[in-house]
Amino acid sequence: MSLPPEGPIFLERAAYRRRRLQDAARLLPMATIVLLLVPVWLMPSALSGALGMVGLFAVWLLIVIASGLLHRRLGRPLPTEAPKDEL
Amino acid sequence: MSFDTLILAALGYVGLLFTVAWAADRAAARGRTRWTDKPIVYTLSLSVYCSAWTFYGAVGYASRSGLEFATIYLGPTIVLAGSWWGLRRLVRVSRLHRVTSVADLVSARFGKSNPLAALITLIALIAATPYLALQLQSISVSFAAFSPGDLPSGPLDGWVAVGLAVFAILFGTRNLAADERHHGVVMAIAVEAMVKLLAFIALGIWVVWGLADGPADMLARIAARAAQPDAAGWTLRPDRWTALIAVSAAALLTLPRMFQVMVIEPADETPLTSAAWAFPAYLMAMSLFVLPIAVIGKEMLPADAAPDLYVLHLPLSQGADGLALLVFLGGLSSATSMVIISTIALATMVSNHWLVPLFLALRRIDASDTAPADIRGPLLASRRIAIMAVIGAGALYQAIGGGQALAAMGTVAFVGVAQLLPAMLGGLLWRGATRKGAYAGICMGSAIWLLWVFLPSLGLRGLPDLGPVDPLAGAVFVSLGLNIACFTAVSLLTLPDPQERLQGLSFVHAVSPEATMAGGAVRPEGAVRAEALLTLARRVWGGDEALLFFRSEADRQGKSGFLPDVTASFLSRLERRLAGSMGTATAHAMLAQVAGQRQTTMSELMAVAGEAQRAKERARQLEDDSDELARTARSLQEANDRLTALSVQKDAFLGQISHELRTPMTSVRAFSELLKLPDLSPEDRERFAGIINEEATRLTRLLDDLLDLSVLESGRARLSSSVVNLHDLISRAIEASSALGSGAELRIDRDTPTEQIMVMTDADRLLQVLINLIGNARKYCDAARPVLTIRTRKLTDGTQITVMDNGSGIPAEQQDLVFEKFSRLNDPARAGGAGLGLAISREVMTALGGTITYLPGHDGAAFRLELPVRPPGLGASAETS
């Protein structure tokens, strides 16, 4: 694989972390789809009652928490542009 | 609880909503949007997704099909989880183009085509009307649940519809701002969202901990219910599960009301980072108690009770009137918020894509028309007519139809609007998507939806028989699959027109449309056009706002006053502002009429591409040029320095040469005077004559040198080529220069064997150079034991002679000057010559086709002579001469 043509090849720590967070945010919907669909494909009847409800809401809660953590951190401004109000 | 109390509570609640909406609108009008811009308000406004279908219908759905009801909320959860790279982009592009609806977005992407927008409006309207009817019906049946049973519902339904229409008109069409934000409506929706969530959770807690014995007991009851023989529908079916999740995810993006709150209402995409987790959490909270309520309702209520109304019948049957009232208000909130937003969104589409184009077609807006015909009136009127028409259609549908389970209608609407997704998503991600492809995909998908889902849901047709696959899931897969296939295939086969390609570039790469326009070329009749445009804008926005916009545009161009030049980028911005009021396609058509804007042609598109390419090239050239300039400036600076130094030298030399000429002349005159004396001894006479002769010789040499130099410089020097042995030449030079010797004895270091090189050159001239170099070393070498090193080398393309002494050499700042005429080292006292030796040497070497260079970095002064194999201008004949 060739190196990216523009921009620095290596990033400082904060920017690097942010890139990886963005990667994770891209993966999140994929993971959500897999978690929600595959169990029902594999064993629909076992998940139809109380077990299904517990499992479904556990997964749902997990997604909400993961999404919350990711998007909160992504929503934060980069540390380099933070000290704006100190003018 | 009396029915009158209920009516009073409902009216009071509606009054509260009017107040909230009014207050928020007022604050926004004063520029305070602090509250409506809060992410929490945005998230709560998204909950318009949870209509009465959720509030009443989810329990009914769950009691029939168990956990499957959750699919409707899982699809949005997936979309919101991916909001960082999906929704954010959608919102950003939509805000960039100021689209007003989902139809506007798709039509703007595919070349601002109004027919496409009109088609999408039609589909959305077909899908939404039964859905709206369902909301009105839910309000009506929830009233009925409280009534003694013989209440005639007709007039009440009518009043509900009228009340909703009034709200929508009051807060949805107050003004024709340049965007479609409705702060009052959004605020009211947010309040309603909280009410419905509170109501549903209160009911759930009451059911789980009041009627059942806590979560563990509840789970046991759910398990028992799932095991009962009449709960066959509870078994999850993977095909339906997948299809419904896919459809609900698609519907979240394409439902007109969801597009309105999610994309149109926010100021920008920042609240999405909060909504990404808060909205799924809201949906989860709304879904958490659905199954428990369904199970307990089935257990405790009579078998003939409608599952869709369990949420009301449960508290009523247990005498919990207060809770029942809260639940009623929650249901009312769900229904009204959905109806209001849907109506506003659909009315915008109907008005922008059906009524206004019709209006404009009937009454052409003429640029020369100076009568103050206001378009605002007709525009707002068309919105209001559309609102009434949409709500009226829903009410009419409810009056003649009705009676279906709530859940079915919701799914039907979802599958219908999901058909818009391929064109929308494809348009945003793929530049190759074309309008014809969008038509093909939408038509194909919608046709299958109408035949397999919509008509069967009205009981007008049977469901398709798809063997083992569930009919709904099958219809979803087939319709979406063929939709995507047609969209892709036709896009691949057809050519987009230039306007489409411009828009495609702007949408896919989220670049501002004017960035893709060709430069800022002023169109002809600029001032006239600008005035006409201002008139047009005033008619749409009213005087002040139009003037404000035009002034800021003039400012941007650096002009004073209110009339900017009519450039392509100004037109693009004006068109987008207008699009915020009347839709992209309409604004485009209107500007085309007034500004005389022609269709974008292929050659213009190519010009844009060329322009961009040239701009890129110019930027690069500028960079190169500035490098080049820096280099030139540096060499000019050096030349200037040299010239200055030389000029100083020349001045000094003129003084020197006058002195040099004067000294011998003076002694010649003085001694010739002496010779005149009568009583002079022969010895003295002899001596004086000698001195005169010597001085005259010096003068002659100086003049010879100057003459020689001028001949060499003018290129008139005659060279006679011959073959000589370098060793002999150097020996002769040393011998000849020894006469000039002064100071300490110079030791010559030679490498005799390598000197045996035959060179073809003008021997006398080369000898002159060598004598000069060796003589210089004799004269100027200031070492205690001066040593002159002479080295020769035979190269493939010539001969190299290096002459170096071991003195202090030439200072760095003077190395540049030694070969200049009249240049002499600082110490004129030691200089015997006029400073022409090295200058002559350089001219000679140049005439011989070689070079003489000063070699820095040695102990003393070092010069290198380079000679070519044969001098220039001498053909083979020279060898024979």
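A quick note: this is a predicted structure, and the numbers were derived from the prediction, not measured. (Residues numbered from 1 in each chain as written. Chains lettered and ligands numbered in written order. Predicted model: local features only at pLDDT ≥ 70, side-chain atom pairs only at ≥ 80, totals over all residues. Heavy atoms only, no water.)

Trainee: Looking at this structure, how should I read the overall build of chain B?
Mentor: From N to C terminus, chain B includes 33 helices and 7 strands. Residues counted as buried form 53% of the 881 residues belonging to chain B. Long-range contacts, defined as pairs at least 24 residues apart, comprise 81% of the intrachain contacts of chain B with a sequence gap of at least 6. Summing over all exposed atoms, chain B offers an accessible surface of approximately 37,600 Å²; the carbon and sulfur share of this is 60%. (Helix = DSSP H or I, 4+ residues; strand = E, 2+ residues; numbered from the N terminus. Buried < 20%, exposed > 50% of the residue type's maximum accessible area, 1.4 Å probe, protein only. Contact = heavy atoms within 4.5 Å. Areas by Shrake-Rupley, 256 points an atom, 1.4 Å probe, with all protein chains shown as cover.)

Trainee: I tried to follow the pattern of salt bridges on my own but got confused; where do I start?
Mentor: Two side chains bearing opposite charge may form a pair once their charged atoms approach each other closely. Residues and elements named next belong to chain B. Under the defined criterion, the tally for this structure stands at 18 salt bridges over all chains. With a closest N to O distance of 3.1 Å, Arg240 and Glu68 form a salt bridge. On the criterion of sequence distance, the pair formed by Arg240 in helix α11 (residues 238-254) and Glu68 in the loop between α3 (52-65) and α4 (71-81) is long-range, its members being 172 residues apart. Like Glu68, Arg240 is buried. For Arg750, the salt bridge is made with Glu755, and the minimal N-O distance between the two is 2.6 Å. (Salt bridge = Lys/Arg side-chain N within 4 Å of Asp/Glu carboxyl O.)

Trainee: I keep staring at the side chain of Glu192(B) and nothing clicks. Help me out?
Mentor: All names here are of chain B. Residue placement: Glu192 occurs in helix α9 (residues 183-211). Within the buried set, Glu192 has no salt-bridge partner at all; the shortest N-O distance to an opposite charge, 6.8 Å, is to Lys196. At a separation of 2.7 Å, a polar atom in the side chain of Glu192 contacts the side chain of Thr336. (Lys, Arg positive; Asp, Glu negative; His and termini not counted. Polar contact = N/O pair within 3.5 Å; in protein donor to acceptor, adjacent residues only side chain to side chain.)

Trainee: Please clarify how the state of the cysteines should be interpreted in this entry.
Mentor: In a disulfide, the sulfur atoms of two cysteines are covalently bonded to one another. Residue and element names in this part refer to chain B. Tallying each qualifying case throughout the model produces 0 disulfides over all chains. Here Cys443 is not disulfide-linked; the sulfur of Cys486 is the nearest cysteine sulfur, at 9.4 Å. Judged by relative accessible area, which is 39%, Cys443 ranks as partly exposed. (Disulfide = S-S within 2.5 Å.)

Trainee: When you look at the confidence of the model for chain A in this model, what are you seeing that I'm missing?
Mentor: As a note on interpretation, predicted positions should not be read in detail where pLDDT is low. Predicted confidence across chain A gives a mean pLDDT of 79, with 76% of residues reaching 70 or more. Every residue in residues 81-87 of chain A scores below 50 in pLDDT, and together they form 0 contacts with partners more than four places removed in sequence or on other chains. (pLDDT = per-residue confidence, 0-100.)

Trainee: What is the right way to read α11(B) from this model?
Mentor: Think of an α-helix as turning once every 3.6 residues; residues three or four places apart then point the same way. Between its terminal C-alpha atoms α11(B) stretches 24 Å, which fits the 24 Å expected from 17 residues at 1.5 Å a residue. The element α11(B) is largely enclosed, with a buried count of 15 among its 17 residues. (Expected span 1.5 Å × (residues − 1).)

Trainee: Looking at this model, I keep getting lost on the nonpolar core. Mind explaining?
Mentor: Nonpolar side chains tend toward joint burial in soluble globular proteins. Of all hydrophobic cores here, the largest spans 196 residues; its most connected members are Trp60(A), Phe69(B) and Phe328(B). If we ignore the near neighbours within four places in the chain, the residues touching Trp60(A) are Ala70(B), Tyr73(B), Leu74(B), Thr77(B), Pro280(B), Leu283(B), Met284(B) and Ser287(B). By size, the runner-up hydrophobic cluster in this structure holds 39 residues, among which are Leu770(B), Val803(B), Tyr854(B) and Leu865(B). (Core = buried A, V, L, I, M, F, W, Y, C linked by side-chain atoms within 4.5 Å.)

Trainee: When you look at the sheet that holds strand β6 (residues 851-854) of chain B in this model, what are you seeing that I'm missing?
Mentor: Strand pairing in a sheet takes place through backbone hydrogen bonds and is either antiparallel or parallel in direction. All names here are of chain B. On the basis of which strands lie adjacent, the open sheet formed by 5 strands has the order β2-β4-β5-β7-β6 and mixed pairing. Every other strand in the sheet has two partners, leaving β2 (747-750) and β6 as the edge strands with one partner each. With strand direction ignored, the average angle separating the axes of adjacent strands in the sheet is 15°. Sheet strands in contact with helix α29 (residues 726-737) are β2, β4 (787-795) and β5 (798-805), and its direction is about 175° off that of β2. Against the sheet, helix α30 (residues 763-780) engages β4, β5, β6 and β7 (862-867), with an angle of about 170° to β7. (Pairing = 2+ DSSP bridges. Axes fitted to C-alpha atoms, helices over the stretch in contact; angles between N-to-C directions.)

Trainee: So what exactly am I meant to see when it comes to the packing of aromatic side chains here?
Mentor: Pairs of aromatic rings are described using the distance from one ring centre to the other and the angle between the two planes. Residue and element names in this part refer to chain B. Under the defined criterion, the tally for this structure stands at 23 aromatic pairs over all chains. Ring geometry for Tyr49 versus Tyr73: centroids 6.4 Å apart, planes at 85°, classification edge-to-face. With Tyr49 in the loop between α2 (39-46) and α3 and Tyr73 in helix α4, this pair connects stretches of sequence that are 24 residues apart. Of the residues examined, Tyr49 reaches a relative accessible area of 1% and is grouped as buried. Each member of the aromatic cluster is reached from another via a ring pair, and the members are Tyr49, Trp53, Phe69, Tyr73, Tyr131, Phe279 and Phe414. Directly above the aromatic system of Trp84 lies the positively charged group of Arg88, at a separation of 3.8 Å from the ring centroid. (Phe/Tyr/Trp six-rings, centres within 6.5 Å; stacked < 30°, edge-to-face > 60°. Lys NZ or Arg CZ within 6 Å of the ring centre and 35° of its normal.)

Trainee: Is there a simple way to think about the packing of helix α19 (residues 421-429) of chain B against helix α21 (residues 471-493) of chain B in this case?
Mentor: Geometry of a packed helix pair, given as the angle between the helix axes and the separation of the axes. Residue and element names in this part refer to chain B. The interhelical angle for the contact between α19 and α21, taken along N-to-C directions, is 40°, at an axis separation of 9 Å. Taken as axis vectors, α19 and α21 run oblique relative to one another. Relative to α21, the crossing made by α19 is right-handed. Together, Pro422, Ala423, Gly426 and Gly427 of α19 and Leu480, Asn483, Ile484 and Phe487 of α21 make up the contact between the two elements. Split by residue class, the contact of α19 with α21 holds 5 nonpolar, 3 polar and no charged. (Parallel < 35°, antiparallel > 145°, perpendicular 65-115°, else oblique. Left-handed = near helix turned anticlockwise from the far one by under 90°. Nonpolar A, V, L, I, M, F, W, Y, C, P; charged D, E, K, R; others polar.)

Trainee: Could you clarify how one ought to interpret unusual backbone geometry in this entry?
Mentor: Negative phi values dominate among residues other than glycine, just as trans dominates among peptide bonds. Residue and element names in this part refer to chain B. Although it is not a glycine, Arg98 adopts a positive phi angle of roughly 50°. Counting through the fold element by element, Arg98 comes out in the loop between α5 (87-97) and α6 (102-109). A positive phi angle is found at Lys112, which is not glycine, with a value near 55°. Within the secondary structure, Lys112 sits in the loop between α6 and α7 (114-146). Lys112 gets classed as buried once you look at its relative accessible area, which sits at 14%.

Trainee: What exactly am I supposed to notice about the packing of α5(B) against helix α22 (residues 498-508) of chain B here?
Mentor: Residues and elements named next belong to chain B. It is at 9 Å that the axes of α5 and α22 come closest, and there the two elements cross at 135°. Classed by the angle they form, the pair α5 and α22 counts as oblique. Between α5, through Arg89, Val93 and His97, and α22, the contact on the second element is made entirely by Gln503, Ser506, Phe507 and Val508.

Trainee: Honestly, the interface of chain B and chain A in this entry has me stumped. Any pointers?
Mentor: Frequently, the measure chosen for interface size is the accessible area removed from exposure when the parts meet. Chain B puts 34 residues into the contact, and the matching count from chain A is 33 residues. Between chain B and chain A lies a buried interface of about 2,900 Å² when both sides are counted; carbon and sulfur atoms form 82% of it. When residues of chain B are sorted by the area they lose upon contact with chain A, Trp84(B), Trp85(B) and Met284(B) head the list and together hold 22% of the total. Linking chain B to chain A there are 6 residue pairs in polar contact (both at pLDDT 80 or more). Listing elements by their share of the side of chain B that touches chain A, those giving two or more residues are α4, α10 (214-227), α11, α13 (272-288) and α14 (290-300) of chain B. For the side of chain B that touches chain A, the residue count by class is 27 nonpolar, 7 polar and no charged. (Buried area = accessible area lost by both parts, 1.4 Å probe.)

Trainee: In this structure, what is going on with helix α1 (residues 3-29) of chain B? I would like to understand it.
Mentor: Residue and element names in this part refer to chain B. Helix length check: α1, at 27 residues, gives a terminal C-alpha distance of 39 Å against a target of 39 Å (1.5 Å per residue), a fit within 8%. By the burial criterion, the buried members of α1 are Phe3, Leu6, Ala10, Tyr13, Leu17, Ala21, Ala24, Asp25, Ala27 and Ala28. Following α1 by one or two positions, Gly31 adopts a phi angle in the positive range, close to 85°.

Trainee: Sorry, what's going on with the domain arrangement of chain B here?
Mentor: Along its sequence, chain B is carved into domain 1 (3-363 + 376-502), domain 2 (525-600), domain 3 (630-711) and domain 4 (718-880). Between the C-alpha centres of domain 1 of chain B and domain 3 of chain B there is a distance of 108 Å. (Domains from an automatic or database assignment.)

Trainee: Mind showing me how you'd approach a negative patch on the surface here?
Mentor: All names here are of chain B. A cluster of acidic residues, Glu623, Asp624, Asp625 and Asp627, forms a negative patch on the protein surface. Secondary-structure assignment places Asp624 in helix α27 (residues 602-676). For Asp624, a relative accessible area of 44% gives the class partly exposed. (Patch = residues over 30% accessible without salt bridge, like charges linked within 9 Å, V, L, I, M, F, W, Y side chains within 5 Å. Charge placed at Lys NZ, Arg CZ, Asp CG, Glu CD.)

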